[in-house]
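Next come the chains, spelled out residue by residue.
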Amino acid sequence: MVFSTHLPDHLILFPTTAAIEAHGAGRKMVPFQNGELELWTAASQLAQRNGGAHIYILRFYGNADRADRWAAAEAEMWNDRAVEIWGMNYPGFGGSTGPAQLSRIGPAALTAFDELKRHAAGRPIVLFGASLGATAALHVAAHRPVAGLILHNPPALRQMILRQFGWWNLWLLAGPVASQIPRDLDSIANAKTIRAPAIFLLAERDEVVAPRYHRLVVDAYAGEKRVISLRGAHHNTPIEGAGLADLYNALDWLLPKKND
């Protein structure tokens, strides 16, 4: 469902509901706003051998992406840590009840966190958000205690609309449209309130969210932070090579390993 007919295409929600191979991830349904929220979970091999995770990762994906596609593979991408991934499908995506609206993303993200917190039983929870998912992660961190965040190409939605898309209509529409972005997803306002440590992964050649809008979020962020520049990367370029090595080094800062 399109949340505004005036917004540029890459700020419109593109829900997908077709079946996707989950590669062994587990499906969990949680009550949400007279419907259900779909979560997909997967534990790393080390967590399985240890009988449980030391760290939980609550994952929020980009627009038109799905948790069932990635949760199982991502469980092994934490540099030999005992982790369990919980990935959320936005309302209207996958098996999560619609409609797909920006106004429902913030409440859905808090619902997913609260469910995970009950399961985690005091163990640390880290939020990992990519693109639109970074706005959800920032909203949760502004309202719930978290161990840390990983933010990949975070968009400053209100500022993008006002500064990047205002010129063509002399700001006559940009102001009203920007005001339609839910306050829940105001990444700048949320970033200013968060004290948890964060890793920022920023694509150098992001063609969807201009790097200057990443920087607005980074500069507003109040907590301690590590910034990793993904050299030559575009918005959807996989994190690999030197960028992956830098992420692993940053993870040692954010998530010190336990002696098993």
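Everything quoted here is computed from the prediction, not taken from an experiment. (Residues numbered from 1 in each chain as written. Predicted model: local features only at pLDDT ≥ 70, side-chain atom pairs only at ≥ 80, totals over all residues. Heavy atoms only, no water.)

(A) Inspection of the pairing of strand β7 (residues 198–203) at higher detail. For β7, the tally of buried residues reaches six of six residues, placing the bulk of the element in the interior. The alternating pattern of β7 places A198, F200 and L202 on one face and I199, L201 and A203 on the opposite face, and all of these are buried. When strand β6 (residues 148–152) meets β7, the two strands line up parallel, connected through four bridges. Bridge assignment links L151 to a residue of β7, and that residue is F200. As paired elements, β7 and strand β8 (residues 225–230) share six bridges and run parallel to each other. Bridge pairing in β8 links I199 to R226. (Buried < 20%, exposed > 50% of the residue type's maximum accessible area, 1.4 Å probe, protein only. Helix = DSSP H or I, 4+ residues; strand = E, 2+ residues; numbered from the N terminus. Pairing = 2+ DSSP bridges.)

(B) Representation of the confidence of the model for the protein. In the predicted model, the protein carries a mean pLDDT of 86, and 85% of its residues have values of at least 70. The least confident element of the protein, judged by mean pLDDT, is helix α6 (residues 174–180) at 52; the most confident is β6 at 98. Note on residues 1–11: pLDDT is under 50 here. Beyond four places in sequence and across chains, it has 27 contacts. Scored below 50 in pLDDT, residues 166–176 shows 11 contacts in the model against residues more than four places distant or in partner chains. (pLDDT = per-residue confidence, 0-100. Contact = heavy atoms within 4.5 Å.)

(C) Structural context of helix α2 (residues 67–74). Looking only at α2, the buried set comprises A67, D68, A71, A72 and E74. Residues of α2 that are buried sit in contact with β2 (35–43), β3 (55–60) and β4 (83–88).

(D) Just the pattern of salt bridges, in detail. A complete count under the given rule lists 10 salt bridges for this structure. Where R144 meets D114, a salt bridge forms, and the shortest distance between an N and an O atom there is 2.8 Å. Taken as a pair, R144 in the loop between α4 (132–143) and β6 and D114 in helix α3 (residues 102–120) lie far apart in primary sequence, 30 residues in all. R144 sits in the partly exposed class, given a relative accessible area of 25%. The partner of R231 in a salt bridge is D246, with the nearest N and O atoms 3.8 Å apart. Of this pair, R231 sits in the loop between β8 and α9 (242–254) while D246 sits in helix α9, and the two are 15 residues apart along the sequence. Accessibility expressed as a relative area gives 57% for R231, which makes it exposed. (Salt bridge = Lys/Arg side-chain N within 4 Å of Asp/Glu carboxyl O.)

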